[in-house]
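# Observations on the three-dimensional arrangement
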Amino acid sequence: MSNGDTGVLMVVSDPPTTRPPRSGWRTDRTGLNDHSGGFVREHISRVPYLPGLDGMRALAVVAVMIYHANSSWLPGGFLGVEMFFVISGYLITLLLIAERERDYGISLIDFWVRRARRLLPAVFVLMTLLTIWTALFERDALGQLRGDVIAGLFYVSNWYQIWVGLGYTAVGDFAPLRHLWSLAVEEQFYLIWPLIMVAFLGRSGTRRIANFSRWLFAAAILVTIGVALLYRPGPIGEPSQTPEAYWFIGDRPIAKLDTLYLSTVTRAGGLMLGSAFAMIWRPYAVVRGPLRRKGRAFDVLALVGFLGLCWMAWSIYLIDPAGPDARLFKGGLFVTGLLTLFIIAAVTHRGSIANRVLGGRVLNWIGTRSYGLYLYHWPIYQIIRNVEGNFLRPREFLLAMIPTVLLTEASYRLIETPIRKGELGVTVRRLRGGSGNRPRGLIIGGVAVACVLSLFAGVTLAKAELKQNDIAESLDDGEDFTTNLAATADDSPTATLPPTIPPSPTPVPSPTAAPTTTITSTSTAPTSITTVPPVVSTAAPTTVSGSIVPLAPITQLGVVTDLTGIQPLTIPAMDIGLPLVALGDSVMLGAAEELQAAGFAVDAVKSRQMVTFLPDMQAIRDAGSFGPVVVVHLGTNGPFSQTTLDQMMGLVAEVPRVLVLTGKGDRDWIGGNNAKIRGLAALYPGVTVIDWEVLSEDCTGNCFYDDGIHLTQSGQTFYADVIKHVLGLA
């Protein structure tokens, strides 16, 4: 996902309105038994209603909803998507085979109309409601939503997200339709697979269907091998940082992770496994064969599948700061499909306990509404957290479940079921109910309001300007005030720069001040950096026997958690390197303009991690670019080890004043990173730790964007002021 995300599709016959019998099979067996042990041929591939399959859907959609709320709760919850793919492949293929045996042909038009009646109404309602909401409350996001709506209407959301680079793991946007990617995969399967089945079954019927299943199974293996070969390990940053994580079509980068996870081709393995199994495992055919008395054995198989899926959901992840999980892309999806087939084999066997257990009332209710639960939960999550990437807290998750369940039930009863059964008119008449004009007036008024809002939202959507989100715009603005010091180091082997005329006619007097200089970087976009003279202690000097002895310079402040009353560090005069250097990630990038105005050469990049930045940092040091002060703020985008941190500190060992900032954000690794950073002051002389996690609480006003990490204008100013205060530059 995603940090993605399933097509929770109902492809079986309508569930009964009453609780199914304990066997889990419908009791209507007319025509099944000819009293001689034989079965009428047309019923062998018939698709019975099996509540255990709805129970499987329930487990899958609950896992996905938990994962989408907070991936740390169930890191592999997204594997519920693969379960749905396998179930859909199995049931759709069963339906096609059954139709071919019953009618000696497959009506493609009828099949596609049934799919459209099942899927389209709820999706259209969802997109209409979301467009209205966004037009009223998130107008800046309308431009991006337009592309998602168009892609959703044509069921190509997965390819659209791959192309524009806003895939399952992208963060920072208000992205209420990102979950439609998996529905797109399934709908594309529904368009193509019947054509293949018609071509294959046209001449031979179902006699050689088992042979075809072997080819499908082999194809699923080939897809798995292809994904494994295309998988690329390691951290994923911007295309300029990790170009090996992308393919390039002209100048457009295509993320390999997005392609492997979202594309129809690479996700076809689960659909193929389900389809192949349907060709050799037809519920009514099983009960007349030698396996009809092996229900308990299949219960054991189901238990193995369930425990295996639980372990994978708990231990496997899609991506972390170190990169995508190799286990997932080197067979993990295939194994998920096989374990799902274990459970399907049990719940479709009339003698198993698994079907009755998974077909219980609660799981059955969730499973029959799994499509609506999937459709509505993700947008509601997005409305609550506002930007993708934020984790929901338990109380927010519980709050989100209330509108999710209410909308799902209303959609199921008033939209999905009536349209699927062709009873929409009956439902409308039932809503009107009773006598008098009031019900009719309420319905007419409600429809009129809905039409006006929909028209308003549609026009607004069509005319909306395509904008980046506020975080992306802020970071793009910050890039104008940064310098690629590593590129500068490559261009210029020495960083010793001659003094020049200061731009300010009023330098700050200091008895030990070095000349004020203006330094122009040699990066692609030249940036002028004005420095001020180093600061010395302002305390009264000590007089000894008629001579004045200056106080010792302040070289370290330990861990700074409060700016009140601290004496700033003393900046020594040096004639080599850049006087003030700031190295960081996107948090520092947001404040690049303010830091540059204070005299810093700022090298800050989005998605930067400490471990991948070390080679560039070494190049900067070797070029002699480090002067008296280096400020480092890394650790927002992923964890680092103590070894990595020590290696970084070794690169700045010769720098007199090193400032390292802690991280702030709702990320699993922030706490561990900060603990290591806070220990630096006790290990390295000349190192001061600015505890940004603590000090940021003192920022007044709206200092952070909705992700709680990146800085608004107020936060940018406060961030730079903290650093300047510690250095005596304020």
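First, a word on scope: everything that follows refers to the structure included in this document. Fair warning: this is a prediction, and the values are worked out from it, not measured in the lab. (Residues numbered from 1 in each chain as written. Predicted model: local features only at pLDDT ≥ 70, side-chain atom pairs only at ≥ 80, totals over all residues. Heavy atoms only, no water.)

## Let's talk about the overall build of the protein chain
Note the threshold: In this text, helices come from DSSP runs of H or I with a minimum length of four residues, and strands from runs of E with a minimum of two, each type numbered from the N-terminal end. When a residue's accessible area, from a 1.4 Å probe over protein chains only, is under 20% of the maximum for its type it is buried; when over 50% it is exposed; and in between it is partly exposed. Residue burial considers only the protein chains on display, and all accessible areas are found by Shrake-Rupley using a 1.4 Å probe.
A tally of helices and strands in the protein chain yields 28 helices and 14 strands. Within the protein chain, the proportion of its 730 residues that are buried is 53%. Carbon and sulfur atoms make up 62% of the accessible area of the protein chain, which totals about 31,800 Å².

## Digging into the pairing of strand β10 (residues 578-584)
Test applied: Two strands form a pair only when DSSP identifies at least two bridges running between them.
Of all 7 residues that make up β10, 6 are buried, and the element is covered over most of its length. Here β10 pairs with strand β11 (residues 601-604) via 4 bridges, running parallel. Paired with L583 across the strands is D603, a residue of β11.

## Examining the sheet that holds strand β14 (residues 687-690)
What counts is decided by this rule: The contact criterion used is simple: two residues touch if any of their non-hydrogen atoms lie within 4.5 Å. Helix axes use the C-alpha atoms of the stretch in contact, all axes being lines fitted to C-alpha atoms, and the angles between their N-to-C directions lie in the range 0 to 180 degrees.
Read from one edge to the other, the open sheet built from 6 strands follows the order β9-β14-β13-β12-β10-β11, with strand pairing classed as parallel. One side of each edge strand has no neighbouring strand; the edge strands of this open sheet are β9 (559-560) and β11. Here helix α23 (residues 610-622) sits on the sheet in contact with β10, β11 and β12 (626-633), set at roughly 165° to β12. Running over the sheet, helix α28 (residues 713-727) touches β12, β13 (657-661) and β14 and is turned about 150° from β13.

## Description of the environment of L683
Among the secondary structure elements, L683 is positioned in helix α26 (residues 680-683). Residues L683 and D646, spaced 37 residues apart in sequence, show a C-alpha to C-alpha distance of 9.9 Å.

## Brief notes about the pattern of salt bridges
Formally: In what follows, salt bridge is the name for a side-chain nitrogen of Lys or Arg lying within 4 Å of a carboxyl oxygen of Asp or Glu.
With the rule as written, the count across this model stands at 21 salt bridges. R102 is the salt-bridge partner of D103, the closest N and O atoms lying 3.3 Å from each other. According to the relative accessible area criterion, R102 is partly exposed, its value standing at 43%. One network of salt bridges, in which partners are shared, links R369, E409 and R413.

## Considering the pairing of β12
Counting buried positions along β12 gives 8 out of 8 residues, so the element sits mostly inside the fold. Of the strand pairs in this sheet, β10 and β12 are connected by 6 bridges, and their pairing is parallel. Its bridge partner being in β12, G584 is matched across the sheet by H633. When β12 meets β13, the two strands line up parallel, connected through 4 bridges. Paired with V629 across the two strands is R657, which belongs to β13.

## Comments concerning the side chain of D325
Here is the rule: Two N or O atoms form a polar contact when they lie within 3.5 Å of each other; inside protein one atom must be a possible hydrogen donor and the other a possible acceptor, and for residues adjacent in sequence the pair counts only when both atoms belong to side chains.
Along the chain, the position of D325 falls in the loop between β4 (323-324) and α12 (326-347). A distance of 2.8 Å separates the side chain of D325 from the side chain of R327, its partner in a polar contact. Excluding anything up to four places from it in sequence, D325 contacts Y231, S315, I316, Y317 and L318.

## Here's the deal with the packing of aromatic side chains
Using the following cut-off: Any Phe, Tyr or Trp ring, taking Trp's six-membered ring, that has another such ring centre within 6.5 Å forms a pair; planes under 30 degrees apart are called stacked, those over 60 apart edge-to-face, and the others tilted. Over a ring means this: the NZ of a Lys or the CZ of an Arg is within 6 Å of the ring centre and within 35 degrees of the ring normal.
Within the structure shown, the criterion is met by 20 aromatic pairs. Seen from their ring centres, Y90 and F277 are 5.7 Å apart, and the 35° between their planes marks the pair as tilted. Of the two residues, Y90 sits in helix α2 (residues 80-103) while F277 sits in helix α9 (residues 268-280), which places them 187 residues apart along the sequence. What makes Y90 buried here is its relative accessible area of 1%. Exposure remark for F277: the relative accessible area of 12% places this residue in the buried category. A ring pair is formed by F277 and W281, whose centres lie 5.7 Å apart and whose planes are at 15°; its orientation type is stacked. Assigned by exposure class, F277 and W281 land together as buried. Stacked on the ring of Y261, the Lys or Arg R267 has its end atom at 4.7 Å from the ring centre.

## Brief notes about the packing of α2 against α12
Heads up, the condition is: Put simply, angles under 35 degrees are roughly parallel, angles over 145 are roughly antiparallel, angles from 65 to 115 are roughly perpendicular, and the rest are oblique. Here a crossing is taken to be left-handed if its near helix is turned anticlockwise relative to the far helix by less than a right angle, and right-handed if that turn runs clockwise. Amino acid classes used here: Ala, Val, Leu, Ile, Met, Phe, Trp, Tyr, Cys and Pro are nonpolar; Asp, Glu, Lys and Arg are charged; the rest, including Gly, are polar.
At their nearest, the axes of α2 and α12 sit 9 Å apart, and the two run at 55° to each other. In terms of their interaxial angle, α2 and α12 are classed as oblique. In this structure, α2 meets α12 at a crossing whose hand is right-handed. Judged by residue contacts, E82, M83, V86, I87 and Y90 of α2 engage L333, T336, G337, T340, L341 and I344 from α12. The class makeup of the residues in the contact of α2 with α12 is 7 nonpolar, 3 polar and 1 charged.

## Considerations on the state of the cysteines
Applied cut-off: Put simply, a disulfide is two cysteine sulfurs that come within 2.5 Å.
According to the stated counting rule, one finds 1 disulfide in the structure shown. Note that C699 is cross-linked by a disulfide to C703, the S-S spacing being 1.9 Å. Between C699 and C703 the disulfide shows an S-S torsion of about -85°. By sign, it is left-handed. A relative accessible area of 13% places C699 in the buried class.

## Section: a negative patch on the surface
Here is the rule: Exposure above 30% relative accessible area and no salt bridge define the residues that can form patches, which grow by joining like charges within 9 Å and nonpolar side chains of Val, Leu, Ile, Met, Phe, Trp and Tyr within 5 Å. In this tally Asp and Glu are treated as negative and Lys and Arg as positive; neither His nor the chain ends contributes. Here the site of a charge means atom NZ of a Lys, CZ of an Arg, CG of an Asp or CD of a Glu.
Side chains of E465, D470, E473, D477, D480, E593 and D706 sit close together on the surface and give a patch of like negative charge. Per element, the largest residue contribution to the negative patch is 3 residues, and it comes from helix α19 (residues 470-478).

## Structural notes on unusual backbone geometry
A positive phi angle, close to 55°, is found at Y155, a residue other than glycine. Mapped onto the fold, Y155 is located in the loop between α4 (142-153) and α5 (157-164). Unusually for a residue other than glycine, S607 sits at a positive phi of about 65°. Counting through the fold element by element, S607 comes out in the loop between β11 and α23. Here S607 falls in the partly exposed class, since its relative accessible area comes to 25%.

## Focus on the side chain of N364
Tracing the chain through its elements places N364 in helix α14 (residues 361-368). One polar contact links N364 to Y49, side chain to side chain, over a distance of 2.8 Å.

## Some remarks on α14
Residues of α14 that are buried include every one of N364, I366, G367 and T368, and no others. At its buried positions, α14 is contacted by α1 (51-69), α15 (370-385) and α16 (394-421).

## Description of the environment of D603
Along the chain, D603 falls in strand β11. Expressed as a C-alpha distance, the spacing of D603 and N484, which sit 119 residues apart in the sequence, is 5.6 Å. Aside from chain neighbours lying at most four places away, what touches D603 is T483, N484, L485, A486, A582, L583, G584, R608 and I620.

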